[in-house]
Amino acid sequence: MRFYKAFYESQMLATQKAQEIGLGVNAGHDLNLQNLEKLCSISGILEVSIGHALIADALEVGLFAAVQDYLKILSLN
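Cut-offs and rules
- Each residue is numbered by its place in its chain's sequence as written, counting from 1.
- The predicted nature of this model means local features are confined to residues of pLDDT at least 70 and side-chain atom pairs, given and counted, to a pLDDT of 80 or more, with totals for whole chains, interfaces and linings taken over all residues.
- The side-chain quantities take in all heavy atoms of the structure and omit both hydrogens and water.
- Helix numbers and strand numbers start at the N terminus; a helix is a DSSP run of H or I with at least 4 residues, a strand a run of E with at least 2.
- Polar contacts, as counted here, are pairs of nitrogen or oxygen atoms within 3.5 Å of one another; within protein the pair requires one atom able to donate a hydrogen and one able to accept it, and residues that are adjacent in sequence qualify only if both atoms are side-chain atoms.
- Only heavy atoms enter the contact rule, under which two residues are in contact if any of them lie within 4.5 Å.
- Points on a 1 Å grid over protein atoms alone make up a cavity when a 1.4 Å probe fits among them but cannot get out, and a pocket when they form an open set with protein on both sides within 12 Å along at least five of seven lines; lining residues each have an atom within 4 Å of a point.
- Grid points are joined across faces, edges and corners, and a volume is the space filled by probe spheres set on the points.
- For this analysis, a ring pair means two rings from Phe, Tyr or Trp (six-membered ring only for Trp) whose centres lie within 6.5 Å, classed as stacked if their planes differ by under 30 degrees, edge-to-face if by over 60, and tilted for the remaining angles.
- Look at NZ for Lys and CZ for Arg. If either is within 6 Å of the ring centre and within 35 degrees of the ring normal, a charge sits over the ring.
- A fitted line through C-alpha atoms serves as each axis, taken over the contacting stretch for helices, and the angle formed by two N-to-C directions is quoted from 0 to 180°.
- Here the angle decides the label: under 35 degrees means roughly parallel, over 145 means roughly antiparallel, 65 to 115 means roughly perpendicular, and every other value means oblique.
- Two helices that cross are described as forming a left-handed crossing if the nearer one is turned anticlockwise from the farther one by less than a right angle, and a right-handed crossing if clockwise.
- Gly falls in the polar group here, along with every residue not listed as nonpolar (Ala, Val, Leu, Ile, Met, Phe, Trp, Tyr, Cys, Pro) or charged (Asp, Glu, Lys, Arg).

1. Quick look at the side chain of Asn35
Here Asn35 shows up in the loop between strand 1 (25-27) and helix 2 (36-40). Polar side-chain contacts of Asn35 include one of 2.9 Å to the backbone oxygen of Asp30. Setting aside anything within four residues of it in sequence, one finds Asn35 in contact with Tyr8 and Asp30.

2. Focus: the layout of surface pockets
Of the voids in this model, the largest pocket is the one considered here, and its volume is about 260 Å³. In terms of lining residues, the largest pocket is bounded by 17 residues, among which Phe7, Gln11, His29, Leu31 and Leu39 are the most central. Breaking the lining of the largest pocket down by element, the ones donating at least two residues are helix 1 (2-20) and strand 1. The leading source of residues in the lining of the largest pocket is helix 1, at seven residues.

3. Overview of the packing of aromatic side chains
Geometrically, a pair of aromatic rings is defined through the distance of the ring centres and the angle of the planes. All told, the structure shown has one aromatic pair when counted by the stated rule. The cationic tip of Lys38 hangs over the ring face of Tyr8; the distance from NZ or CZ to the ring centre is 5.7 Å.

4. Some words on the packing of helix 3 (residues 51-61) against helix 4 (residues 63-75)
Their axes nearest at 7 Å, the elements helix 3 and helix 4 cross at an angle of 130°. With respect to helix 4, the element helix 3 is oriented oblique. Along this stretch, helix 3 crosses helix 4, giving a crossing that reads as right-handed. Packed against helix 3, whose contacting residues are Ala53, Leu54, Ile55, Asp57, Ala58 and Val61, the element helix 4 presents Leu63, Ala65, Ala66, Val67 and Tyr70 at the interface. Counted by class, the contact of helix 3 with helix 4 contains ten nonpolar, no polar and one charged residues.

Shown next as structure tokens:
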């Protein structure tokens, strides 16, 4: 758990620094239903790439249900 806290804190700091020098920040790779909400709560994240996880989840629950699950999380932010 300590690793994840440190990871998110480092992502927050990196996003702030990027914004200070005029860069936009996108997030991807290993995003899923378990970590997407926390990452999207970081101010300054402009875009997330969830295609791989979305399709992987769709194989288990169906595409419509998987899209709805991700939309719920993304609409919170």
